[in-house]
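Coordinate analysis (summary)
Residues per chain are reported as follows:
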Amino acid sequence: MLAAEIHQHYAGQMSQVVDSEFSGLLIRLYAGIGEVRPWLGFLEALAKWMDSTFATLIINAPGTSYPATNLTPGGSEDFVDNYSRALFADDPFRDLPDGQVVSYAEAMAKLPVDANAAYRKIMAESGFEFVLGVDLYFGKGGCKQTDKGRFEARFRISRHSSLPDFSVSDRTRLQALVPHLRTAVGLFERLQFAGAQHGAFHATAQGLGLALVVLDRNHSIVSSNALADRILAEREGLARHGEELVFAEAAQQRLIGDLLAGVAPIAPPPRFRVERPDHGDLIVTARSLDLSAIHAGIGALALSFARHGTETSADPQTLRDLLGLTKAEARLAAFLAEGHSLVEAARQLGISHNTAKVHLSAVFSKTGVHRQAQLVSLLASLNT
């Protein structure tokens, strides 16, 4: 009897200390970032927890005109698409103080009454002018707006105007969640980066025999294979200084910075020669790591170094890993790399010419080239 009373006493105390709804929300948050469709389940739970109509997550890199991620579970797909295409770049409800809950009404009150008239009209017509927002900034140096490697996550909680506006208590609840949101978005980026990094290193393990260095958005070396370490230790033409990769040629150093910042084009993959009279020249190929849900293709690079004159195999598996092709696309690309025409490649693969053209069009789209000759040149660069 005494044991039962003690259990009941502490159970009562725990129910007062632990908010079961909040705990359940955190479970959805941290479990959801690794799911096949991350964030969706959590955003649905967040909207319910905040007694709101919708919860939205927008992730983007600075200077981009289209968000990398824009999710509003249960919302109008047409509105989400229209926002991404036409409204995102001119959205006045942004650049909020890092990690601070701000209402849409507060943000708009700081602007001239005639500013952003078109946006105000769309919001009023939508019936969703009750909005709480939180902006989180990630990048070297914290939330500095000038960081080239910065990306941001915008959380928006919306209520229809037929419902009561958000209260002080509502804002306090959302503010308590902010540290967890920041941690979860950071974990999400690391998961994306780890997956892309694994793909890059898997390609080198398939017999390419390349030295590989992976740089993050802050110009830091996050990983390198043994061959790359030996080359960097030679300290000719390029070297490792602390956590940074430094090229002797200033123009090459600037190019890497421009690629990381998204200023220079990444397709087809840029290549340049590093002259090293004592240890042999290197051909450096830069490829963007696929972090589309965070950076929209900006902010991380895999640099492969091949000694000039060495040969590697453009086998289908390697092409799949390096270029993100399907099995059928990679097999076709491998035949084209050997000098076959599209007709010959289709015959060898046992597919129709029309099917081969569809595969080729997909390969063009994924590699950023527009003609078969350009593709063959790109594939040849993998053998240099």
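Residues numbered from 1 in each chain as written. Predicted model: local features only at pLDDT ≥ 70, side-chain atom pairs only at ≥ 80, totals over all residues. Heavy atoms only, no water.

The five strands lie next to each other as β2-β1-β5-β4-β3, forming an open sheet whose pairing is antiparallel. Here the strands that pair on one side only, and so sit at the sheet edges, are β2 (69–71) and β3 (102–103). Strand direction decides the pairing type here: β3 and strand β4 (residues 130–138), joined by two bridges, are antiparallel. Each bridged residue has a counterpart across the sheet, and for Ser103 the counterpart in β4 is Leu132. Against the sheet, helix α3 (residues 40–49) touches β1 (54–60), β2 and β5 (151–159), its axis set at about 135° to β1. (Pairing = 2+ DSSP bridges. Helix = DSSP H or I, 4+ residues; strand = E, 2+ residues; numbered from the N terminus. Contact = heavy atoms within 4.5 Å. Axes fitted to C-alpha atoms, helices over the stretch in contact; angles between N-to-C directions.)

The buried fraction of strand β6 (residues 211–215) is high, at five of five residues. Burial along β6 is two-sided: the face carrying Ala211, Val213 and Leu215 and the face carrying Leu212 and Val214 are both buried. One ladder, built from five bridges, connects β6 with strand β12 (residues 301–307); its direction is antiparallel. Across the sheet, Val213 pairs through a bridge with Leu303, a residue of β12. With three bridges joining them, β6 and strand β7 (residues 221–224) adopt antiparallel strand pairing. Among the inter-strand pairings, Leu215 is bridged to a residue of β7, identified as Ile221. If you look at the hairpin formed by β6 and β7, you'll find five residues sitting between the two strands, and His219 has a positive phi there, around 75°. (Buried < 20%, exposed > 50% of the residue type's maximum accessible area, 1.4 Å probe, protein only.)

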